[in-house]
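So you can see what is in the structure, the chains are spelled out below.
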Amino acid sequence: KSDIATSVSDHDQKKIKKLYNINSYVFLNGVHSERLKVKKITKNIPKNFYLYSGSYLYQPNKVALDELINKLYPRIIKKYPNLYLIITGEGLPVELIKNKKIIHFKYLKKENLNYLTKKAKFLLLPLKKAPGTMLKIIEALLIGSQIITTKHGMKGIKFNNYKQPFVYKDYNQIFKFVDYIMCKNTQNRTSLNKSSNFYRKEFILENIIKKFQSNNYKYFFK
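Residues numbered from 1 in each chain as written. Predicted model: local features only at pLDDT ≥ 70, side-chain atom pairs only at ≥ 80, totals over all residues. Heavy atoms only, no water.

### Points about the pattern of salt bridges
Counted under the stated rule, the structure contains 7 salt bridges. Note that Lys79 and Asp179 form a salt bridge whose closest N and O atoms lie 3.0 Å from each other. Pair noted here: Lys79 is in helix H2 (residues 59-79) and Asp179 is in helix H6 (residues 171-183), with a separation of 100 residues, a long-range link. Measuring nitrogen to oxygen at the nearest pair gives 3.2 Å for the salt bridge that ties Lys110 to Glu139. Taken together, the positions of Lys110 in helix H4 (residues 110-119) and Glu139 in helix H5 (residues 135-143) put the pair 29 residues apart, joining distant regions of the chain. Among the charged side chains, a network of salt bridges with common partners joins Arg35, Lys110 and Glu139. (Salt bridge = Lys/Arg side-chain N within 4 Å of Asp/Glu carboxyl O. Helix = DSSP H or I, 4+ residues; strand = E, 2+ residues; numbered from the N terminus.)

Structure follows, in structure tokens:
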């Protein structure tokens, strides 16, 4: 009964059409520019690290973190012994990271988390399921941090560069992507900066609202 129906992606737009026979306007999930502020963290941070951000108490994060810690981390640390894993979010069992080069921050201010996101060599997000568009991935794209994830992590997010994010199909691809990032760090930073500019045009909330207001969306509902 609404005057304007909205959905957050092309995927959801098709789903709404199928379920309710309603033409919805794609109003993207986005991030307000105020949430992208960066402030240096005062805690001791290793020079080289990769990052996973998300509460272990949330089931999709639990599944992803169990896989990351038990299956992916051992192979990465064997090849890159000075590359730490940093995990943020509540609920992570201490025994999972005991005697490992894994640092856990239960709580961080947003601007401190953004700092870690920006400084990380990459974000590794082995998501098996995502109920919707992942805002933490959008934020990382805007900040300009390299992402390695699954097709589930990129659900509802269009991307214009095959190197950002890296979307893998199997473990072999993950480790090839990690090798590429570790070997091509300087070149990759230039590419990431270009991608960040693209994603800022698409996913900064202020831009999304302007597009929504100026678009002739009313034609959808005649």
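### Observations regarding a nonpolar patch on the surface
Residues Leu19, Tyr20 and Ile22 make up a contiguous nonpolar surface patch of about 330 Å² in total accessible area. Examined against the element boundaries, Ile22 turns out to sit in the loop between helix H1 (10-20) and strand S2 (25-26). Exposure remark for Ile22: the relative accessible area of 33% places this residue in the partly exposed category. (Patch = residues over 30% accessible without salt bridge, like charges linked within 9 Å, V, L, I, M, F, W, Y side chains within 5 Å. Areas by Shrake-Rupley, 256 points an atom, 1.4 Å probe, with all protein chains shown as cover. Buried < 20%, exposed > 50% of the residue type's maximum accessible area, 1.4 Å probe, protein only.)

### What about the side chain of Asn114?
Along the polypeptide, Asn114 turns up in helix H4. For Asn114, the side chain forms a polar contact with the main-chain oxygen of Arg35, separated by 2.7 Å. Apart from residues no more than four positions distant in its own chain, Asn114 is found in contact with Arg35, Leu36, Lys37, Val38 and Ile143. (Polar contact = N/O pair within 3.5 Å; in protein donor to acceptor, adjacent residues only side chain to side chain. Contact = heavy atoms within 4.5 Å.)

### Some points on the packing of aromatic side chains
All told, the structure shown has 8 aromatic pairs when counted by the stated rule. Taking 6.4 Å as the distance between ring centres and 75° as the angle between the ring planes, the aromatic pair formed by Tyr171 and Phe175 counts as edge-to-face. In this pair, Tyr171 and Phe175 both sit in helix H6, 4 residues apart, roughly one turn of the helix. Exposure remark for Tyr171: the relative accessible area of 26% places this residue in the partly exposed category. (Phe/Tyr/Trp six-rings, centres within 6.5 Å; stacked < 30°, edge-to-face > 60°.)

### Observations regarding the packing of H4 against H5
Look at H4 against H5: their axes get within 10 Å of each other, and the N-to-C directions meet at 65°. Handedness of the crossing formed by H4 with H5: right-handed. From H4, Lys110, Asn114, Thr117 and Lys118 reach across to H5, where they touch Glu139, Ala140 and Ile143. Tallied by class, the residues present in the contact of H4 with H5 amount to 2 nonpolar, 2 polar and 3 charged. (Axes fitted to C-alpha atoms, helices over the stretch in contact; angles between N-to-C directions. Left-handed = near helix turned anticlockwise from the far one by under 90°. Nonpolar A, V, L, I, M, F, W, Y, C, P; charged D, E, K, R; others polar.)

### Looking at the pairing of strand S4 (residues 84-88)
Most of S4 sits inside the fold, with 4 of its 5 residues counted as buried. Here strand S3 (residues 49-53) pairs with S4 via 5 bridges, running parallel. In the sheet register, Tyr50 faces S4, and the bridge partner there is Leu85. In this fold, S3 hands off to H2, which returns the chain to S4; that crossover is right-handed. In this sheet, strand S5 (residues 102-105) lies alongside S4 in parallel orientation, the contact comprising 4 bridges. Residue pairing for S5: Thr88 is matched across the bridge by Phe105. (Pairing = 2+ DSSP bridges. Right-handed = clockwise from strand over helix to strand, strands pointing away.)

### Description of the confidence of the model for the protein chain
Averaged over all residues, the pLDDT of the protein chain equals 87, while 91% of them reach at least 70. Across residues 218-222, confidence stays below pLDDT 50; counting only partners more than four residues off in sequence or on other chains, it has 8 contacts. (pLDDT = per-residue confidence, 0-100.)

### Considering the nonpolar core
Residues Tyr50, Leu124, Ile137 and Ile148 are the most contacted members of the largest nonpolar core, which totals 55 residues. A per-element tally of this core places H2 first, with 8 residues. In this structure Tyr50 touches Leu68, Tyr73, Ile76, Leu83, Tyr84, Leu85, Ile86, Ala120, Phe122 and Leu124, once residues within four positions along its chain are discounted. (Core = buried A, V, L, I, M, F, W, Y, C linked by side-chain atoms within 4.5 Å.)

### Here we look at unusual backbone geometry
For Asn21, which is not glycine, the phi torsion reads 55° and is therefore positive. Locating Asn21 in the fold gives a position in the loop between H1 and S2. Residue classification places Asn21 among the exposed residues on the basis of a relative accessible area of 57%. For Asn99, which is not glycine, the phi dihedral falls at a positive 60°. Tracing the backbone through its elements, the reader meets Asn99 in the loop between helix H3 (94-97) and S5.

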